[in-house]
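What follows is the residue order along each chain.
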Amino acid sequence: MRLILLSILFSVTIQLSAQKKLSFDLNAGILESVGKDISKIYRSETNSLFLQYLSRMKFKHPYFNVFGRVNYSLNRRFEVGLQSGLYLHYLENYFSNAKRTALSIPIMATFTYNLFDINSHQAGIEVAGGPIFYNIDEFQFGIKNGVIFNASTFYTITKKSTINLGVEKQIDHAWSYFPGDDWGRGYKHETCKYHLTRLALALSYGLRLGK
């Protein structure tokens, strides 16, 4: 269903790109997780249990994204837009020793502001944010969807191409499940829900189509 919606979005975007204030970008990037893993303690109110979990965790490997974006120019310096695409995480460990390759789909609103011109080039700032959809289920632990935010500076290499350098924050909706009586200790079934945060440096290259 999500892929169908993306296809419809891109199709409509291409049809509208002929209009003067609309443009379409293709972007590809590489990201590297930064920061230290941070653990916290969950104290159950249902069972006499304590759970240590990671509230912030790094991806072990660099990962990649590919986006399509439609932009609407408000004036010479300010644009708003909507972008979506794919993140690819290759052979990552999530909650177990099993390595898996995972795809996630973000839908992000974007805001771009051109701060100043340098000869025939432009430099400015860009912020983006929105939900991200994916599902990791490893029996008693899992992640389902989240939100993602990005802030970067950009520089136009040519009239049609741009390079961005920035930071990204992803907040995943994680859960852990206590199977209760399956342990034979009289525990009640319980699901602990928490947020798992990830930080990354991002480098991307964009190509503008239309106008």
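Up top you'll find the structure we're talking about.
Read on for a plain summary of the structure. It should be emphasised that the depicted structure is a prediction, and the values quoted were computed from it without experimental measurement.

What counts as what
- Residues numbered from 1 in each chain as written.
- Predicted model: local features only at pLDDT ≥ 70, side-chain atom pairs only at ≥ 80, totals over all residues.
- Heavy atoms only, no water.
- Helix = DSSP H or I, 4+ residues; strand = E, 2+ residues; numbered from the N terminus.
- Buried < 20%, exposed > 50% of the residue type's maximum accessible area, 1.4 Å probe, protein only.
- Salt bridge = Lys/Arg side-chain N within 4 Å of Asp/Glu carboxyl O.
- Contact = heavy atoms within 4.5 Å.
- Pairing = 2+ DSSP bridges.
- Core = buried A, V, L, I, M, F, W, Y, C linked by side-chain atoms within 4.5 Å.
- Phe/Tyr/Trp six-rings, centres within 6.5 Å; stacked < 30°, edge-to-face > 60°.
- Lys NZ or Arg CZ within 6 Å of the ring centre and 35° of its normal.

1. Concerning unusual backbone geometry
Here's step 1: With a phi angle near 50°, Leu-91 is a residue other than glycine that sits in the positive phi range.
Here's step 2: Within the secondary structure, Leu-91 is located in strand β5 (residues 78-93).
Here's step 3: Assessed through its relative accessible area of 31%, Leu-91 is described here as partly exposed.
Here's step 4: For Asn-119, which is not glycine, the phi dihedral falls at a positive 55°.
Here's step 5: Residue position: Asn-119 is located in the loop between β6 (99-118) and β7 (121-138).

2. Brief notes about the pattern of salt bridges
Here's step 1: One pass over the full model with this rule turns up 6 salt bridges.
Here's step 2: Taking the shortest distance from any N to any O, the salt bridge between Arg-69 and Asp-25 comes out at 2.9 Å. Remark: Asp-25 occurs in strand β1 (residues 22-34) and Arg-69 occurs in strand β4 (residues 63-73); sequence separation between them is 44 residues.
Here's step 3: Note on Asp-25: relative accessible area 5%, which makes it buried.
Here's step 4: Residue Arg-76 pairs with Asp-117 through a salt bridge whose shortest N-O separation is 3.2 Å. Placement of Arg-76 in the loop between β4 and β5 and of Asp-117 in strand β6 is noted, with a sequence separation of 41 residues between them.
Here's step 5: For Asp-117, a relative accessible area of 37% translates into the label partly exposed.
Here's step 6: Three or more residues are tied together by salt bridges with common partners; here these are Asp-25, Arg-69, Glu-79, Glu-126 and Arg-208.

3. Structural notes on the environment of Gly-146
Here's step 1: Within the secondary structure, Gly-146 is located in strand β8 (residues 141-156).
Here's step 2: According to the relative accessible area criterion, Gly-146 is buried, its value standing at 5%.
Here's step 3: Each C-alpha atom, one on Gly-146 and one on His-195, is 8.6 Å from the other, the two residues being 49 residues apart in sequence.
Here's step 4: Excluding its chain neighbours within four sequence positions, the residues that come into contact with Gly-146 are Pro-131, Ile-132, Ile-171, Asp-172 and His-173.

4. Some details on the pairing of strand β9 (residues 161-178)
Here's step 1: By the bridge criterion, 14 bridges tie β8 to β9 in an arrangement that is antiparallel. Residue Thr-156 lies in a different strand from β9, and its bridge partner there is Thr-162.
Here's step 2: In this structure, the hairpin formed by β8 and β9 is closed by a connection of 4 residues.
Here's step 3: As paired strands, β9 and strand β10 (residues 190-209) are joined by 18 bridges and run antiparallel to one another. Paired with Trp-175 across the two strands is Lys-193, which belongs to β10.

5. A look at the environment of Glu-32
Here's step 1: Among the secondary structure elements, Glu-32 is positioned in strand β1.
Here's step 2: Along the backbone, Glu-32 and Lys-58 are 26 residues apart, and their C-alpha atoms lie at a distance of 8.9 Å.
Here's step 3: Sequence-distant contacts of Glu-32, defined by excluding residues within four places in its chain, comprise Pro-62, Leu-199, Ala-200 and Leu-201.

6. Here we look at the nonpolar core
Here's step 1: In this structure, Leu-31, Tyr-63, Tyr-87, Tyr-94, Ile-136 and Ile-143 are the most contacted members of the largest nonpolar core, which totals 25 residues.
Here's step 2: Broken down by secondary-structure element, the contributors of at least two residues to this core are β3 (50-56), β4, β6, β7, β8, β9 and β10.
Here's step 3: Looking at which element gives the most residues to this core, the answer is β10, with 5 residues.
Here's step 4: If we ignore the near neighbours within four places in the chain, the residues touching Tyr-63 are Gly-29, Ile-30, Leu-31, Ser-33, Tyr-87, Leu-88, His-89, Glu-168 and Ala-200.

7. As for the packing of aromatic side chains
How two aromatic rings sit relative to each other is given by the distance of their centres and the angle of their planes.
Here's step 1: Going through the model one piece at a time under the given rule, you end up with 4 aromatic pairs.
Here's step 2: Plain terms: the ring middles of Phe-67 and Tyr-87 are 5.5 Å apart, the flat faces sit at 75° to each other, and that makes the pair edge-to-face. Highlighted residues: Phe-67 in strand β4 and Tyr-87 in strand β5, separated in sequence by 20 residues.
Here's step 3: Judged by its relative accessible area of 0%, Tyr-87 falls in the buried class.
Here's step 4: Above the face of the Phe-59 ring, Arg-198 is positioned so that its terminal group lies 4.1 Å from the ring centre.

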